Amino acid sequence: RVRILAAFAILTVVSAALALFLVREVLFTRLDEEVEQHLVQEVAEFQKLVRGNDPRTGKRFGTDVRRIFDVYFSRNVPGEGEVVVSSIDRRLYRSARSGEAAYRPEEVLRAVALQSPLDAAHRGTIETSTGRASYFNIPVGTGDRVLGTFTVANFVANERDEIESAVTVAAQVFAAVLLLSFCLAWGAAGRVLAPLRTLRDTAQSITESDLTQRIAV
């Protein structure tokens, strides 16, 4: 009984651990894909605004990059873990961040500039004092003239922590269910094997001088 239950428990634990690991990796992959899609969408919305008209005048923004940024930031609300930064002449102009997060726009701008020149479109990841972030940076201008830059970065530490917490809770629930199942299986196995133990004990008690032992039907 012990061997059977031990083998069952080991097999179950290994299977559950593998399942939890795969679920964790799938969730992380989906999170990265969602962050990437959101960055691309944010940049696309900004570029659409640049090509559009100033809602105040009804005319093209032209070279008024400050007005472009002002309109964008008046309409945009950053999502969870998101920081949006604008710069003019490589200096921070306006920025926005999600909620009360401690993300530092100046630090984000410097980190992005260290990856590649701000007046060139590029994307990647940066390391800051508040963690790692994926970013997308594009220049804003007319022709070959760069008037400013637009950068959106997304910090996923909080969301990754939520996934880790969910997986941890799932592991704890599984451990509790496994322990309960083991106890129930131990009791059930004992009842199932009881007749065999009775048969064994009775057979061992029968001798040449004592043939009175019987097994109940």
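This text follows the structure it describes.
Fair warning: this is a prediction, and the values are worked out from it, not measured in the lab.

**Q** An account of the overall build of the protein chain is requested, with residue identities and associated values reported.
**A** Within the protein chain one finds four helices and five strands. Mapped in sequence order, the helices and strands of the protein chain form the string α-α-β-β-α-β-β-β-α. The C-alpha radius of gyration of the protein chain comes to 33 Å, more than 25% above the 17 Å expected for a compact globule of 217 residues. Referenced to the eigenvectors of the C-alpha coordinate spread, the extents of the protein chain come out at roughly 115 × 35 × 30 Å. For the protein chain, the proportion of its 217 residues judged to be buried stands at 31%. The long-range fraction of contacts in the protein chain, counting pairs at least 24 apart against all pairs at least 6 apart in sequence, stands at 45%. For the protein chain, the exposed area adds up to about 14,000 Å²; of that, 57% sits on carbon and sulfur atoms. The averaged location of the 26 negative side-chain charges in the protein chain is 2 Å from the averaged location of its 26 positive side-chain charges.

**Q** Any details on the nonpolar core? Residues and values, ideally.
**A** In terms of nonpolar packing, the biggest core is built from 26 residues, with Phe 46, Phe 69, Tyr 72, Val 140, Phe 150 and Val 152 touching the most fellow members. Secondary-structure elements contributing two or more residues to this core are α1 (2–51), α2 (65–75), β1 (82–88), β4 (131–142), β5 (145–155) and α4 (157–205). If one sorts the elements of this core by residue count, α1 sits on top with seven residues. Setting aside chain neighbours within four positions, we find Phe 150 in contact with Glu 42, Val 43, Phe 46, Phe 69, Tyr 72, Val 84, Val 85, Phe 136, Asn 137, Ile 138 and Val 140. Membership of the second largest hydrophobic core comes to 14 residues, among which are Tyr 103, Leu 109, Ile 126 and Phe 155.

**Q** I'd like a description of unusual backbone geometry, backed by residues and values.
**A** Phi at Asp 89 is positive, roughly 55 degrees, even though this residue is not glycine. By the element assignment, Asp 89 lies in the loop between β1 and β2 (91–97). With a phi close to 65 degrees, Arg 90 is a non-glycine residue in the positive phi region. Along the chain, Arg 90 falls in the loop between β1 and β2. On the basis of relative accessible area, Arg 90 is assigned to the exposed category, the value being 59%.

**Q** Would you mind going over the packing of aromatic side chains in detail, with residue names and values included?
**A** Under the definition given, this model contains seven aromatic pairs. Between Phe 46 and Tyr 72, the aromatic rings sit 5.4 Å apart at their centres with planes inclined by 85 degrees, giving edge-to-face as the arrangement. Pair noted here: Phe 46 is in helix α1 and Tyr 72 is in helix α2, with a separation of 26 residues, a long-range link. Among the aromatic residues, ring-to-ring pairing joins Phe 46, Phe 69, Tyr 72, Phe 73, Tyr 93 and Phe 150 into one connected group. In this arrangement the basic side chain of Arg 160 is found over the ring face of Phe 28, its NZ or CZ atom lying 3.9 Å from the centre.

**Q** For the pairing of β4, give the residues involved together with the corresponding values.
**A** Side-chain positions along a regular strand alternate between the two faces of the sheet. Here strand β3 (residues 122–128) pairs with β4 via seven bridges, running antiparallel. Counted as the bridge partner of His 122 is Asn 137 from β4. Between the antiparallel neighbours β3 and β4 lie two residues. Strand direction decides the pairing type here: β4 and β5, joined by ten bridges, are antiparallel.

**Q** Explain the sheet that holds β1 residue by residue, including any values.
**A** One open sheet holds the five strands; their spatial order is β2-β1-β5-β4-β3, and the pairing between them is antiparallel. Pairing within the sheet leaves two strands with one partner each, and these edge strands are β2 and β3. Adjacent strand axes in the sheet meet at a mean angle of 25 degrees when their direction is disregarded. Here β1 pairs with β5 via six bridges, running antiparallel. Opposite Val 85, over in β5, you have Thr 151 as the bridge partner. Of the strands in this sheet, β1, β2, β4 and β5 are in contact with α2, which crosses β1 at around 165 degrees. Relative to the sheet, helix α3 (residues 105–115) contacts β1, β2, β3, β4 and β5, its axis offset from that of β3 by approximately 125 degrees.

About the thresholds
Residues numbered from 1 in each chain as written. Predicted model: local features only at pLDDT ≥ 70, side-chain atom pairs only at ≥ 80, totals over all residues. Heavy atoms only, no water. Helix = DSSP H or I, 4+ residues; strand = E, 2+ residues; numbered from the N terminus. Rg over C-alpha atoms; globule rule 2.2 N^0.38 Å. Buried < 20%, exposed > 50% of the residue type's maximum accessible area, 1.4 Å probe, protein only. Contact = heavy atoms within 4.5 Å. Areas by Shrake-Rupley, 256 points an atom, 1.4 Å probe, with all protein chains shown as cover. Lys, Arg positive; Asp, Glu negative; His and termini not counted. Charge placed at Lys NZ, Arg CZ, Asp CG, Glu CD. Core = buried A, V, L, I, M, F, W, Y, C linked by side-chain atoms within 4.5 Å. Phe/Tyr/Trp six-rings, centres within 6.5 Å; stacked < 30°, edge-to-face > 60°. Lys NZ or Arg CZ within 6 Å of the ring centre and 35° of its normal. Pairing = 2+ DSSP bridges. Axes fitted to C-alpha atoms, helices over the stretch in contact; angles between N-to-C directions.

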